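# Chains, contacts and geometry: an overview
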Amino acid sequence: MDGLVKSAFSRKGGLEMTQLLVYTDYKRFIKDTKEPGMISSLVSWIASDNALPSYIGGASLPEFAWLAFQLLQAEEQYQQETKLWSVMQMEMIVTPSMTTDQALKKAVTNLKLKAAPLPQRLCIYRWAQQAVDTDLDHPLLPLIWQKFFHQYLGRLEPQAGLPERGSLGEKFFGSFANTTLLKSMKKRLEEASDYNHKLVAEQGEHRSRRAKAQAAQKAEESDGDAYDDILLHDVDYSSHEEHLGQLVRLYHTLAFWIDEPRLHDPNLYLPALPPQYDAERLLRVFQNQKEPWVEFVDTGRVDYELAQLVSKWVTEACPKISYRHRRNSMQNENDPRSATERILSRLRRYNHPKPPPPVVPNKAPVPDVNLQALCDKQSLMYTLNADLLTLVEYSKLFAARVSQHVAVDCSYIELLPDQYGNEPVELEIDIPCKSFLSSSPRCTGPARVAIRFQEKRRREVTNHKIEENRVEFKQILIQSMMPPPQNICAAAVHVENAITSLIKVAKSSEPSESSSRATDIGCSLFYHLSSMVGEETKYYPPTRQFFSSCIEILGQEFIRSNPAQAQPLLQAILQTPSLAGLLSPNFLPNSCPQLFVTMYHDLIQTPRVQGGDIAFMLLTKFDVQTWLESHRPVLSERSALCDMVGEGLCMCGVEPEDSMLMAFEIYRTHLKALLKFQFPDHYGQILKFLLKSSAALTISPLIWQDCLCCLGCDYVRQEGFIQSNVPVISQTQALLAMSHMTETIEWMSTYFMRLRTSNSEYASFGLYPTWKRYVPALSVFFGFLTGSTIIKMVSELTASGDVHVQPQEVVMDLWRKICSVFCPWIQPLDNHPEILSPWVENDSAVASDMVSIFVETVECLYRQFEGIQPSYSTNALGLLWTYYGSILSKPGTPEHILQVYSGRMAALPWENFYPDMSDIELMIQVKANCARSCFQFLGLIFQAVPWIHITQHYSTHKTQDEVSKLHFRLFQLLVQFSQEKSLMDGQISPMYKLIQTAETFQWQFLDAASYDFVIEWFLHNVNPTCVLAQRTSTSAVVIGLLRAAAGFFSHPTDTLHRETPHKRASFVRCIVQLLSRSSHVKNVDLLSFGTAVINLLSEVESVTSSVPDPSSQRDEANSLVMEVLNSLNNCNPQGKISLEVVKSVCQWIESSPSSILLIPMIWAACRVLASVVFMAQIMECCMDAYFNSGVAVNSDSDWSILLAAIEVPELTREVFLSECLRQGCYLVMYTYILQQLPLCRALHSEYTHLTMLVEWTSKAKPSSNNEAKLILWWYKILELVLRQLEYGGDQAQVIRTLNNFVPVLNSLGEDKASSGILGAIGLGRKSQLSYRFRLIARSLSAFLLAQLPNSTTIRLEPNAPGAVSRLQSLPGDLHPSAQAQQALSNMEALKNNKQYVSLKDHIAFACYFIADPGNSFKYFKVLLHQMSRTLFSEKKYLYILKL
């Protein structure tokens, strides 16, 4: 089969026939495969495999490439007919993200195909694999590659209205396996190219071998042995070199195709591709033109292989028959002549040639130049003028013809739109009757309808005009294309010859009359030719070139080297500016230095009159630098030239236009050259010119910059002074001497100050509106002058070593110079009562440059004298601060000016500023009188100043008054700065750290009046809630400073100010006032109040503890505690803040039982607090803490301290006592009784207090916390009863009082409450009192009942009748009351009560003591003393109970 297909390929139509047969058989094969048997169908259904069958089972069929080509072509044709391939491509175009498998499945679904190829068996992969596997020398390999690239690069046919689509070949090779196949194809194409290229290189060797084979063949033919003939299948075949070269180029092209992704782009422009891409063949691939590339198939090899096959078959079938290998030859072997003989024989058949024509001498078209005329100016001019006029006239004719041509074309363009027009037409048509509603329509005939419409028709008149126009156009075109007449060429050549001869005469002769005459004629001819040039000669290219070359030659030979022609040439150029381009190359003003300034003056008005281009063209010829160095002109000439350059610069204006820009640059260069030459000859002149021109706004700011660069001040920058610039400055000082700089500073200062004060506009709005453009350069100039002066002065001061020269005086002198030169620009003018600003707000950006340079100059002054001046002397920073505080920041200065000052001056090294008292007083003045921005700037300076060193220096070297004043002002500024939020922006801010550091300063030098002054300001300006903030917060850090300044952190060994107690009191009073104000603030944190109070009390305790003198300690403690408790009087009564404060005070007291503030707290509470509620609560709490601290002992002296401290308010005594009773402040009430009893002068007065105590006991509602305090009352009650009985009081009245007292005790001793209805029936709630207290109450009640046998008798002596005894009483004796017996029985019953098990011993003691007849009423002390000491041993206040 493979051989048959190969044989069919070599026959016409054979390939198509085999293709049809194979495709027909393939379709039958598919149909047979689609109708399987039952078992096959079942297997197919289980496997879900409906793949399209193929003749080629494997990936390719390389050993039978011819057969594989037809089989794969049949599969491709089937995919094309079923539209599977085109639908797949369309799906991938519509959905770019779709993979090949998805596109195949969707195409099969849309086409409803019963069978489809597997993705890996698509034709594009089959052709690719076959191309890779086929042998490199196979003749069919190019066609296999063609089939692949039709699949890879072929595009879908474009649809109407849709853009052209690109190819999708790249998308089929996106997976890993397909990418590998694509790489294999690329490699195979390279191998194919290399293989064929190698064959081309080996063709020489093949030729030699072929020649030897032919010689051997001839020798064998001479032998006549038929069996030794060379058989065809034994002969090698070699392809032609041309064919091999085509294959090399083809495979190179295919390699480019497969590597270039842009070929898939639908917008690819094929003509732009390199020739290697073969754009024409690529277009046929894009258009799916599938004609085989048979030109790349080696048909000779195919025929050779077929012949080989036949020869081999014949050899095998008929061994006795052989075929010789013969070559066809076009040579006629019968003609024995050589090629030369045949050619000569043919030539002899023609006639003999004729002889040449005679030579006729030609007349010279151009006449020779008469040598005598070359020396006659008029004759030569006359002769050449005719030729020149001929050329000019022909150029005019050419210009007229071009104009006519343009006119004809314009007319044609105007006529074209009118060539056709719409005309109304009326037409009648017949419309037949065709009814669709009825099968038998009734028609009377066709309907005649008249139609009116506009029809396009040609306008004959206009068309005739167009035809005439085109005829005229052709005539003009014919005339234009004709060569110029001979006389025109002759005239041009004649003039050129004359010029050449004239040049030869001028050069060949020695300097004589003839050479000078020739030179004069050449100059005249130069100007004459220049005058002949016009617009027509320029328009015609030949005349333009002719005149240009002639003028160039004449100028080069006669004008350029002649200095006398410089000025005439300049005049010629200025008179005819259109010829400047031709004439200016010959203008060399430097060749005539005597007229240099004159020519420059002639040129000065050129930019204004004739434009900047001509001026630039001519100005470039003036080399001022060379003229100055070579000619060395006098000062007057240079000054005149300087004025001319300035006039030219002023003519260019402030902002030169584009047309003047080039001339402007030349003027700049000339001015710089003049300024540098023999400096400083023109320094003053140019500076005056700059000032005058700038004031008139006629000069560009760039001129200032140029002059500054010439002076060497281009090092000045806006980033601050840099010490490394000093050597650079020193190197540039040679341009300006010290006297020049001083004179310039004085001159500039006087000029601008006079200008500033010359009129009201400059005074009110400053110099900036007029000088705005020049401020950057002026500021740099001022900085250069002052900086250079500073450095020179320092150098001279250091070099001289003169001890009589004080650095301070030098600094002051330099400072005056700096201020004088800058003050017209930055200093406000005091026009009382208003301040005249140095600039308006819109000029702030420009003024900032001037202020920056001023600040840099001040920094330079400071840096240069940093090691020369002492640290605490007035340096540049101090002078600047004085200047700022006293002049620059005067009240009334606008805010926008102050912001510029502060913004620039803040960058100075203020950490090296050591202010004296005048500077500090100026700080206070600035804070008091100036704007807020001044205060912020002051804060930036203040936080940078080394105050630690300053305070130490003052403490060491100054008097105490100066130190005190320093600390006062420093304290004032610190407190004021603490309220500036912009400076206190966090704990890392310098001001925050400075305030923290300031706590360690020696504030003992601060007196009380100064402290109170600052505190008063602080209270008026501070947010009161700062006292509630955390101590480390920015708002509360000032509290720490106030605390330190008040002496709260002083050590006892420190030397304190005598007014330190007053300062401490002021500090506490300040905190209290802040707390009081904060209590009126909404949404304030209650807990923070308590924390603040506790902290304050702790600080008061700490500071009072450090006072060594007890008397002073007591007085200061009383004073400070009074201030603290005063906060309760001023707190907001509406909220809970007062309660929170009291609670915090009590908590602190409880946590500090040993504090020395307990007694002062009691003392202060009685005398300060307006609320009896708070008074009672705090006093009781202090007394509790006092007795719980262990300080109190058994003596009465402990209570005497309390008695001395407590003072019950007289006006609200009853209210106070009632409140104490309500709150359970029993110790306070007991202390009150102790205070009142010594004041009694009669028994009835004591009896009043007795009944009062009984009443209080009956009303008291103790708790387990304060129950033991009632024992003191009971003791005092019984003690007062005993006094009544012993000193003759009314016994009956006393007994009644005791009888009233006993029920109260019984009520307190009950286990359950007996009050209320439930208590009456024994269902009261359980008592909240402790068992030990109840036991004491029961014991005392039983004891008292045992001492009262009846209502009139009380047992005062031991063994008195009526005692409660376990023995039986005799009849007639006084018997104890039934209540006493019951009370004793109840006591004894407690022994068996489980709740009183722990108190069993105490119960036994009480029962024994009560039942003992020897214990009378007087022994109540023993009972209470014993039981209180044993049951309430921890209560130290009960130690007052004595036996």
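Residues numbered from 1 in each chain as written. Predicted model: local features only at pLDDT ≥ 70, side-chain atom pairs only at ≥ 80, totals over all residues. Heavy atoms only, no water.

## Section: the pattern of salt bridges
Applying the stated rule across the entire model yields 47 salt bridges. The residue Glu 76 makes a salt bridge to Lys 290 at a minimum N-O spacing of 3.7 Å. One end of the pair, Glu 76, is in helix H4 (residues 65-81); the other, Lys 290, is in the loop between helix H12 (279-286) and helix H13 (299-317), with 214 residues separating them in the sequence. Exposure remark for Glu 76: the relative accessible area of 5% places this residue in the buried category. Salt-bridge contacts for Asp 259 lead to Lys 186; the nearest nitrogen and oxygen are separated by 3.2 Å. With Asp 259 in helix H11 (residues 241-259) and Lys 186 in helix H9 (residues 176-201), this residue pair connects regions lying 73 residues apart in the sequence. (Salt bridge = Lys/Arg side-chain N within 4 Å of Asp/Glu carboxyl O. Helix = DSSP H or I, 4+ residues; strand = E, 2+ residues; numbered from the N terminus. Buried < 20%, exposed > 50% of the residue type's maximum accessible area, 1.4 Å probe, protein only.)

## Thoughts on the environment of Phe 1216
By the element assignment, Phe 1216 lies in helix H55 (residues 1213-1223). The sequence separation of Phe 1216 and Met 1229 amounts to 13 residues, and the corresponding C-alpha distance is 9.4 Å. Contact partners of Phe 1216, with chain neighbours within four places excluded, come to Val 1172, Met 1175, Ala 1176, Met 1179, Val 1208, Pro 1209 and Val 1228. (Contact = heavy atoms within 4.5 Å.)

## Concerning the packing of helix H63 (residues 1400-1411) against helix H64 (residues 1420-1431)
Geometry of a packed helix pair, given as the angle between the helix axes and the separation of the axes. Where H63 meets H64, the axes come as close as 11 Å, and the angle between the chain directions of the two elements is 180 degrees. Of the possible angle classes, the one that applies to H63 and H64 is roughly antiparallel. Residues His 1402, Phe 1405, Ala 1406 and Phe 1409 of H63 pack against Val 1422, Leu 1423, Gln 1426, Met 1427, Thr 1430 and Leu 1431 of H64. When grouped by side-chain class, the residues that make up the contact of H63 with H64 number seven nonpolar, three polar and no charged. (Axes fitted to C-alpha atoms, helices over the stretch in contact; angles between N-to-C directions. Parallel < 35°, antiparallel > 145°, perpendicular 65-115°, else oblique. Nonpolar A, V, L, I, M, F, W, Y, C, P; charged D, E, K, R; others polar.)

## Looking at helix H59 (residues 1291-1309)
Over its 19 residues, H59 extends 26 Å from the first C-alpha to the last, a length consistent with the 27 Å expected when each residue adds 1.5 Å. Within the span of H59, buried status applies to Val 1294, Ile 1295, Thr 1297, Leu 1298, Phe 1301, Val 1302, Val 1304, Leu 1305, Leu 1308 and Gly 1309. The distance from a side-chain oxygen at the start of H59 to the backbone nitrogen of Ala 1292 is 3.3 Å, and the residue carrying that oxygen is Asp 1290. (Expected span 1.5 Å × (residues − 1). Polar contact = N/O pair within 3.5 Å; in protein donor to acceptor, adjacent residues only side chain to side chain.)

## Here's the deal with the side chain of Glu 260
Relative to the helices and strands, Glu 260 is located in the loop between H11 and H12. Polar side-chain contacts of Glu 260 include one of 3.1 Å to the side chain of Tyr 277.

## Re unusual backbone geometry
Look at the link from Phe 679 to Pro 680: it is a cis peptide, with omega at 10 degrees. One can find Pro 680 in the loop between helix H28 (658-676) and helix H29 (683-695). Despite not being glycine, Gln 678 shows a phi value in the positive range, around 45 degrees. Positionally, Gln 678 belongs in the loop between H28 and H29. Judged by its relative accessible area of 34%, Gln 678 falls in the partly exposed class. Although it is not a glycine, Leu 697 adopts a positive phi angle of roughly 55 degrees. Here Leu 697 shows up in the loop between H29 and helix H30 (701-711). Judged by relative accessible area, which is 34%, Leu 697 ranks as partly exposed.

## Quick word on the packing of aromatic side chains
Inspection of every chain in the model, using the stated rule, returns 67 aromatic pairs. When the ring of Phe 148 is compared with that of Phe 149, the centres are 5.1 Å apart and the planes differ by 75 degrees; the resulting orientation is edge-to-face. Pair check on accessibility: Phe 148 and Phe 149 agree, each one buried. A ring pair is formed by Trp 910 and Phe 913, whose centres lie 5.5 Å apart and whose planes are at 75 degrees; its orientation type is edge-to-face. With respect to class, Trp 910 is no different from Phe 913; both count as buried. The ring of Phe 286 carries the charged tip of Arg 155 above its face, separated from the ring centre by 3.9 Å. Seen from the ring of Tyr 954, Lys 958 lies directly overhead, with NZ or CZ sitting 5.5 Å from the centre. (Phe/Tyr/Trp six-rings, centres within 6.5 Å; stacked < 30°, edge-to-face > 60°. Lys NZ or Arg CZ within 6 Å of the ring centre and 35° of its normal.)

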